[in-house]
Amino acid sequence: MPKNVEKTDMDKHIQPLVMNGLRGRMLCIPPKASKKREILLIYGQHASIERTYSLADEFSRYGTVTLPDLPGFGGMDALYKIGMKPNLDEMADYLAAFVKLRYKRKRVSIIGVSYGFIVATRMLQRYPELARKVDIVVSIVGFAHYEDFMFKPSTLRLMRATTKLFSFMPTAWFAKNLLLRGPFIRGAYTLVADKHAKFKDAGPAERNKRIKFEIILWKINDIRTYMHTINGMLYLDLCDKTVKLPVYHVSVDGDQYFDNYKVEQHMRVIFTDFKLFPAKLNAHMPTIVASSKEVAPLIPPGLRYLLSKPV
């Protein structure tokens, strides 16, 4: 960044992150008021610190927010770099190492967004001793089982085969270097923009802004990691182990991916209790360049009340 350009508020809160030889970043936002709560926010797939910043900033009303990159996402090195695959257990181990390092003698509130929630859940299943450090577990449009998806069986089979194919190095290289180029991505999104949940409510200027951000996300996120983790989600079953904590789940009525009833049933199998906080949104997540006003509904009044309690 040129010296004469002032850093934005977001840039001021971004720090380098090195874990197990993998280089990434983490966002650390101090609380907006004298709040002692420590909040660990974990973003989902096809995400970055920049995409999640407005949500992290909104949560900083209730405490210090830390948002780390995940291996292969947000521009962070992929686990493939150190000879490991981005399986859910490996992602959970990475997150556990981060929690142990960051919150040595502190309690923490964990908030997982979609894929981030399943990583956090698997971490708590594999490291039950960490559950004793956790105040609350929050799921924002999270899930726990592949049957939570509202895909037709034929669609599920096709997605499993496609993601498996592109999780190999040669096909992932082909996708990254030939398919996921700016003009191709722009053309693909332009063709479906009128019906796509991310673009159909936007005018030409806003649509162009969102597509530009999509191009950035496709370029900085490791496509092989993306395909491998999507494939894992399509076979997911977290119901094999329990977590001795309640879960507070934010659902979206207009979620285009998940059956909210099935999500609840599976989470009740895993956690000691389940509390639902419906959010008034017409899609799985707000747009990729959402403002604080747009992300605010993801923190319903009941959850805000919970987070505002002393720790």
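These lines cover the structure that appears in this document, whether it is placed above or below. What you see is a predicted model; the values in this text were computed from it and never measured.

Parameters at a glance
- Starting from 1, residues in each chain are numbered consecutively following that chain's sequence as written.
- Restriction of local features to residues with pLDDT of at least 70 applies here, the model being predicted, together with a cutoff of 80 or more for giving and counting side-chain atom pairs; totals for whole chains, interfaces and linings are based on all residues.
- Hydrogens and water are ignored here; the side-chain numbers use all heavy atoms of the structure.
- By the convention used here, strands pair only if DSSP detects at least 2 bridges between them.
- Going along the chain from the N terminus, every DSSP run of H or I of four or more residues is numbered as a helix, and every run of E of two or more is numbered as a strand.
- Interaxial angle, 0 to 180 degrees, is taken between N-to-C directions of lines fitted to C-alpha atoms, where a helix line uses only the stretch in contact.
- Only heavy atoms matter for contacts: two residues are in contact if any of them lie within 4.5 Å across the pair.
- Just so you know how the angles are binned, under 35 degrees is roughly parallel, over 145 roughly antiparallel, 65 to 115 roughly perpendicular, and the rest oblique.
- Note: crossing handedness is left-handed where the near helix turns anticlockwise from the far helix by less than a right angle, and right-handed where it turns clockwise.
- Lys, Arg, Asp and Glu make up the charged group, whereas Ala, Val, Leu, Ile, Met, Phe, Trp, Tyr, Cys and Pro make up the nonpolar group; the residues left over, Gly among them, are polar.

1. Focus on the sheet that holds strand β2 (residues 22–29)
Phase 1: Taking strand neighbours across the sheet as the criterion, the eight strands line up as β1-β2-β4-β3-β5-β6-β7-β8 in an open arrangement whose pairing is mixed. What marks the edges here is a single partner per strand, and that holds for β1 (14–19) and β8 (271–279). Averaged over all adjacent pairs, the angle separating strand axes in this sheet is 25°, with direction ignored.
Phase 2: Sheet analysis places strand β7 (residues 243–252) next to β8, joined by eight bridges and oriented parallel. Opposite Val252, over in β8, you have Ala279 as the bridge partner.
Phase 3: Seen against the sheet, helix α2 (residues 49–59) touches β1, β2, β3 (38–42), β4 (64–68), β5 (108–113) and β6 (134–140) and runs at an angle of roughly 30° to β2.
Phase 4: Contacting β6, β7 and β8, helix α13 (residues 301–308) runs over the sheet at an angle of about 160° to β6.

2. Quick look at unusual backbone geometry
Phase 1: For Asn20, which is not glycine, the phi torsion reads 55° and is therefore positive.
Phase 2: Summarising the element assignment, Asn20 is placed in the loop between β1 and β2.

3. As for the packing of helix α6 (residues 153–165) against helix α10 (residues 223–233)
Phase 1: Closest axis-to-axis distance for the α6/α10 pair is 8 Å, and the angle between their directions is 150°. Regarding the angle of α6 to α10, the classification is roughly antiparallel. As for how α6 packs across α10, the hand of that crossing is left-handed. Contact with α6, carried on its side by Arg160, Thr163 and Lys164, involves Met227, Ile230 and Asn231 of α10 and no other residues of that element.
Phase 2: When its residues are assigned to classes, the contact of α6 with α10 shows two nonpolar, two polar and two charged.

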